[in-house]
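Letter by letter, the chains look like this.
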Amino acid sequence: MARAAALPPSRSSPTLPLLPLLLLLLQETGAQDARVRMPPEVRGRLGDTVELPCHLLTQGPEGNVSQVTWQRLDPPKESQSVAAFHPSHGLSFPSPQFGKERLSFLAMGQSTGPKWGRGIEMRDATLVLRGLTVEDEGNYSCEFATFPQGTSRGVTWLRATAQPQNHAETQEVILSQELVPVARCVSTGGRPPAQISWFSPLDGKAQESQVPGPQPGTVTVTSRYTLVPSSQADGVKITCKVEHETFEQPDLLPVTLSVRYPPEVSISGYDDNWYLGRSEATLSCDVRSNPEPTGYEWSTTLGVLPASAIAQGPQLIIHSVDRLVNTTFICTVTNAVGTGRAEQVVLVRGAQKLWNQTATRSPPGGCNLTCLLGPGK
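Model, not experiment: these values are computed from the prediction.

K.L.:
Just to check I follow, could you spell out the overall build of the protein chain for this structure?
P.N.:
Helix and strand counts for the protein chain come out as three helices and 28 strands. The buried share of the protein chain, taken over its 377 residues, is 42%. Contacts spanning at least 24 positions in sequence make up 62% of the contacts within the protein chain whose residues lie at least 6 apart. Put simply, the protein chain shows about 19900 Å² of open surface, and 53% of that area lies on carbon and sulfur atoms.

Set out below in structure tokens:
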């Protein structure tokens, strides 16, 4: 099955490449400490609650952590303190962007008293952030001030994601020689933008566009499958494939194409054995069209039908074949788009045409050679 031209991969937030460089810088300066366990990246859905894990691995006596500080690192801006805990002064959330309404320490909830200095609890500085927004995305450091080991810290990258909503639909077109969109696939409100591709047996092309999504920081991606519409494309099934990091599996959306075209007509039923006196001979007007035919008209090259011929919609019935049937029949079919026609030349024979005869095979309703000659002839 042919695949449309590959689309460019989606790109995440433009600040994402800062992560490896920043972590490398912190490691080179000794700031990224192996005694602090933090994931290099944390992803959360816009509007959801997200946890930023931070654990001190150093073994020591209870109460050896004198302070925990969370900072947001936004080069080239100065670091911004967002949360802190001191055994004597309690919790502090100095950033106006977050405040205690949105931040808390997982080990303490909203507690403000010096209840955290109990050994292992002080080694868990996991920060809870509620109502994640695009503005929250960035690098965050978690720092433990310990005695006598000194200061240890780690860095994690917080990413905000949004799962897009997807749908695909056909775009009905009329037969033409121009390249036009015949199907559309839309992925609304993704962060980062979704990747859209097409699977099709046709030689089509994908045209993609992006606009801001319904939520700040999200993107709506639209892919249009285009081709020169033909009657052969009508009814063909193609598939839109949407990929996004929030999906466990790609979203596959089938689309059935719809191309409106005039009737394509052919005539069947003539077997080259119409002879004088043959009864109930029939011609059928076979049609492919979109939309369905609205009218059938039978005629001959002489204009009128023979007296023995009766038109019944797509069929022409000749009750008795006579010499007037020796003509060219025309079937004209009309639909909302246009008109199509086909011709059938009929040769009336003076007698029935004999079938090829063998000793073992008889024509339908006839007698084989052995029957005609008799045994031993």
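Now, onward.
K.L.:
How do you make sense of the state of the cysteines when you look at a structure like this?
P.N.:
A covalent bond between the sulfur atoms of two cysteines is what we call a disulfide. Scanning all chains against the criterion turns up three disulfides. Paired through a disulfide, Cys185 and Cys240 show a sulfur-sulfur distance of 1.9 Å. Across the S-S bond linking Cys185 and Cys240, the dihedral sits near -75°, which makes this disulfide left-handed. Separated by 55 residues along the polypeptide, Cys185 in strand β14 (residues 180–190) and Cys240 in strand β18 (residues 237–243) bring together distant segments of the chain. Relative accessible area serves as the criterion here: at 0%, Cys240 is assigned to the buried category.

K.L.:
Honestly, the pairing of strand β6 (residues 80–86) in this entry has me stumped. Any pointers?
P.N.:
Side-chain direction in a regular strand flips from residue to residue, so the side chains alternate between the two faces of the sheet. The sheet contact formed by strand β5 (residues 65–73) and β6 spans five bridges and is antiparallel. Within β6, the residue paired with Val68 across the bridge is Phe85. Here β6 folds back onto strand β7 (residues 90–92) in antiparallel fashion, the turn holding three residues.

K.L.:
Looking at this model, I keep getting lost on the sheet that holds strand β3 (residues 50–52). Mind explaining?
P.N.:
Note: strands within a sheet are paired through backbone hydrogen bonds, in either parallel or antiparallel orientation. Read from one edge to the other, the open sheet built from three strands follows the order β3-β9-β8, with strand pairing classed as antiparallel. Single-partner strands in this sheet number two, and they are β3 and β8 (103–105). In this sheet, adjacent strand axes meet at a mean angle of 25° when their direction is disregarded. One ladder, built from three bridges, connects β3 with strand β9 (residues 127–129); its direction is antiparallel. Within β9, the residue paired with Leu52 across the bridge is Leu127.

K.L.:
Explain the packing of aromatic side chains to me, please; I cannot follow it from the model alone.
P.N.:
For any pair of aromatic rings, the description rests on two quantities: the centre-to-centre distance and the angle between the ring planes. For the structure shown, the criterion picks out four aromatic pairs. Plain terms: the ring middles of Phe93 and Phe105 are 6.3 Å apart, the flat faces sit at 35° to each other, and that makes the pair tilted. With Phe93 in the loop between β7 and α2 (99–102) and Phe105 in strand β8, this pair connects stretches of sequence that are twelve residues apart. For Phe105, a relative accessible area of 0% corresponds to the buried category. When the ring of Tyr270 is compared with that of Trp274, the centres are 5.6 Å apart and the planes differ by 70°; the resulting orientation is edge-to-face.

K.L.:
What exactly am I supposed to notice about the sheet that holds strand β20 (residues 259–268) here?
P.N.:
Across the sheet, five strands lie side by side as β13-β20-β22-β25-β24; this open sheet has mixed pairing. One side of each edge strand has no neighbouring strand; the edge strands of this open sheet are β13 (173–174) and β24 (309–312). The sheet contact formed by β20 and strand β22 (residues 279–290) spans six bridges and is antiparallel. What sits directly across from Ile267, in β22, is Cys285.

K.L.:
Teacher, can you tell me more about the nonpolar core here?
P.N.:
Generally speaking, a soluble globular protein has its nonpolar side chains buried in company with each other. Counting 31 residues, the largest nonpolar core has Trp70, Phe105 and Phe144 as its most contacted members. When contributions to this core are tallied by element, the ones reaching two or more residues are β3, β5, β6, β8, β9, β10 (138–146) and β11 (150–161). The next biggest cluster of nonpolar side chains, apart from the first, holds 22 residues, and it includes Val173, Val182, Tyr225 and Leu253.

K.L.:
Is there a simple way to explain the pairing of β11 in this structure?
P.N.:
For β11, a buried count of ten out of twelve residues is recorded, marking the element as mostly surrounded by other parts of the structure. Relative to β11, strand β2 (residues 41–45) is paired through five bridges, and the arrangement is parallel. Paired with Glu41 across the strands is Trp157, a residue of β11. Inspection of the sheet shows β10 paired to β11 by nine bridges, in the antiparallel sense. Opposite Ala145, over in β11, you have Thr151 as the bridge partner.

K.L.:
Any chance you could explain the pattern of salt bridges here in plain terms?
P.N.:
When their charged atoms lie close together, side chains carrying opposite charge are able to pair. Per the counting criterion, the structure on display carries 13 salt bridges. Linking Asp271 and Arg278 is a salt bridge whose minimum nitrogen-to-oxygen distance equals 3.2 Å. Assessed through its relative accessible area of 42%, Asp271 is described here as partly exposed. The network of salt bridges with shared partners includes Glu41, Arg43, Arg159 and Glu245.

K.L.:
What's the story with unusual backbone geometry in this structure? I'm lost.
P.N.:
Comment: phi is negative for the bulk of residues other than glycine, and the bulk of peptide bonds are trans. Geometrically, the link from Arg191 to Pro192 is a cis peptide bond, its omega value of -5° lying close to zero. The omega torsion of the bond from Asn290 to Pro291 falls at 10°, within 30 degrees of zero and hence cis. With respect to the element layout, Pro291 can be found in the loop between β22 and β23 (295–300). The residue Asp272 is not glycine, and still its phi comes out positive at about 60°. The backbone phi angle of Glu280 is positive, close to 50°, even though this residue is not glycine.

Criteria and cut-off values
- Residues numbered from 1 in each chain as written.
- Predicted model: local features only at pLDDT ≥ 70, side-chain atom pairs only at ≥ 80, totals over all residues.
- Heavy atoms only, no water.
- Helix = DSSP H or I, 4+ residues; strand = E, 2+ residues; numbered from the N terminus.
- Buried < 20%, exposed > 50% of the residue type's maximum accessible area, 1.4 Å probe, protein only.
- Contact = heavy atoms within 4.5 Å.
- Areas by Shrake-Rupley, 256 points an atom, 1.4 Å probe, with all protein chains shown as cover.
- Disulfide = S-S within 2.5 Å.
- Pairing = 2+ DSSP bridges.
- Axes fitted to C-alpha atoms, helices over the stretch in contact; angles between N-to-C directions.
- Phe/Tyr/Trp six-rings, centres within 6.5 Å; stacked < 30°, edge-to-face > 60°.
- Core = buried A, V, L, I, M, F, W, Y, C linked by side-chain atoms within 4.5 Å.
- Salt bridge = Lys/Arg side-chain N within 4 Å of Asp/Glu carboxyl O.

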